[in-house]
Amino acid sequence: MAKYNKKIVENICEMICADSYTIVEICRTVGIAKDTYYHWLKTKSDFSDAIKNAENEFNELIITEAKKSLVKMIRGYTVQEKRTVTADTGKRDENEPIVKVKEHSVTDKHYQPVPAAVFFALSNRDPKNWVNNRISNDQFNAGNDSLDDDKPATMKLPDGTEIEI
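Fair warning: this is a prediction, and the values are worked out from it, not measured in the lab. (Residues numbered from 1 in each chain as written. Predicted model: local features only at pLDDT ≥ 70, side-chain atom pairs only at ≥ 80, totals over all residues. Heavy atoms only, no water.)

**A short note on the overall build of the chain**
Of the regular secondary structure elements, the chain holds six helices and four strands. Along the chain, helices and strands appear, N-terminal first, in the series α-α-α-α-β-β-α-α-β-β. Looking at the 165 residues of the chain, the share that counts as buried comes to 15%. Partitioning the contacts of the chain with sequence separation of at least 6, the portion at a separation of at least 24 is 49%. A total of about 13400 Å² of accessible surface is found on the chain, and carbon and sulfur atoms cover 50% of it. (Helix = DSSP H or I, 4+ residues; strand = E, 2+ residues; numbered from the N terminus. Buried < 20%, exposed > 50% of the residue type's maximum accessible area, 1.4 Å probe, protein only. Contact = heavy atoms within 4.5 Å. Areas by Shrake-Rupley, 256 points an atom, 1.4 Å probe, with all protein chains shown as cover.)

Structure follows, in structure tokens:
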């Protein structure tokens, strides 16, 4: 069994905080057996507390990143795409071709909001007004027997407002 010390505990906690490594990967990296890890977890309260804190820290990081991603999907976002076109000059520098830049362009690409993400956020943040009320096709068609092609279709929002769809 490997000797228990603060450095091993710090390395294990750093790995837990950094990524979703498996226990086997962590043990292999720090040079201990999986059984040793679980033995320390049961018998050493400072080790157990350090692992719990590291796991909580990683979970908070994941939650924060998920929230940031959801906000981007709700708002939409823009990224810059960079494109460089090169041409071979026919010259070589230590067997590497020397290229000449012919064109360099930067384009802004906008990604629209994702309706499913918007609905997810609304139904979780304001469940009283945005519940998932699913209706069958029969129920939908029963209420729309006299659809007039000249009239735009409308949808009633939770606050009672009607919007065209």
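**Things to note about helix α2 (residues 23-30)**
Of the residues making up α2, those classed as buried are Ile26, Cys27 and Val30. When α2 is viewed along its axis, its buried side chains cluster within an angular range of 95 degrees and face the same direction. Looking at α2, the residues exposed on the side facing more than 90 degrees away from the buried face are Arg28 and Thr29. On the buried face of α2, the contacting elements are α1 (6-18) and α3 (34-43). Backbone geometry just downstream of α2 places Gly31 in the positive-phi region, at approximately 85 degrees. (Arc of directions from axis to C-beta.)

**Details of the pairing of strand β2 (residues 96-111)**
Two faces make up the sheet, and in a regular strand the side chains alternate between them. The pairing of strand β1 (residues 77-93) with β2 spans 14 bridges and is antiparallel. The partner of Val85 across the bridge, within β2, is Glu103. Hairpin connection of β1 to β2: two residues between the antiparallel strands, including Glu94 at a positive phi of 55 degrees. (Pairing = 2+ DSSP bridges.)

**As for the nonpolar core**
Judged by nonpolar contacts, the single largest core of 16 residues is most densely connected at Ile12, Ile16, Ile32, Tyr37, Phe47 and Ile51. Of all elements in the fold, only α1, α2, α3 and α4 (45-75) reach the threshold of two or more residues within this core. Here this core takes six residues from α1, the largest share from any one element. With residues near it in sequence (within four places) discarded, Phe47 still touches Tyr4, Val9, Ile12, Tyr37, Trp40 and Leu41. (Core = buried A, V, L, I, M, F, W, Y, C linked by side-chain atoms within 4.5 Å.)

**What about unusual backbone geometry?**
Phi is positive for Glu94, which is not a glycine, with a value near 55 degrees. Relative to the assigned elements, Glu94 resides in the loop between β1 and β2. Note on Glu94: relative accessible area 73%, which makes it exposed.

**Section: the packing of α1 against α2**
Orientation of α1 relative to α2, taken along the N-to-C sense of each, is 140 degrees, at an axis distance of 10 Å. The angle between the axes of α1 and α2 places the two elements in the oblique class. Our pair here, α1 against α2, has a crossing hand that is right-handed. Here Ile8, Asn11, Ile12, Met15 and Ile16 of α1 lie close against α2, whose contacting residues are Glu25, Ile26, Thr29 and Val30. (Axes fitted to C-alpha atoms, helices over the stretch in contact; angles between N-to-C directions. Parallel < 35°, antiparallel > 145°, perpendicular 65-115°, else oblique. Left-handed = near helix turned anticlockwise from the far one by under 90°.)

**As for the pattern of salt bridges**
For the structure on display, the rule yields three salt bridges. A salt bridge links Glu81 to Lys109, with the shortest nitrogen-to-oxygen separation between them at 3.7 Å. A residue pair is termed long-range when its members are at least 10 positions apart, and Glu81 in strand β1 and Lys109 in strand β2 qualify at 28 residues. Take Lys109: its relative accessible area is 35%, and that puts it in the partly exposed class. The partner of Arg83 in a salt bridge is Glu103, with the nearest N and O atoms 3.8 Å apart. Taken together, the residues Arg83 in strand β1 and Glu103 in strand β2 connect sequence positions 20 residues apart. When its relative accessible area of 48% is taken as the criterion, Arg83 is described as partly exposed. (Salt bridge = Lys/Arg side-chain N within 4 Å of Asp/Glu carboxyl O.)

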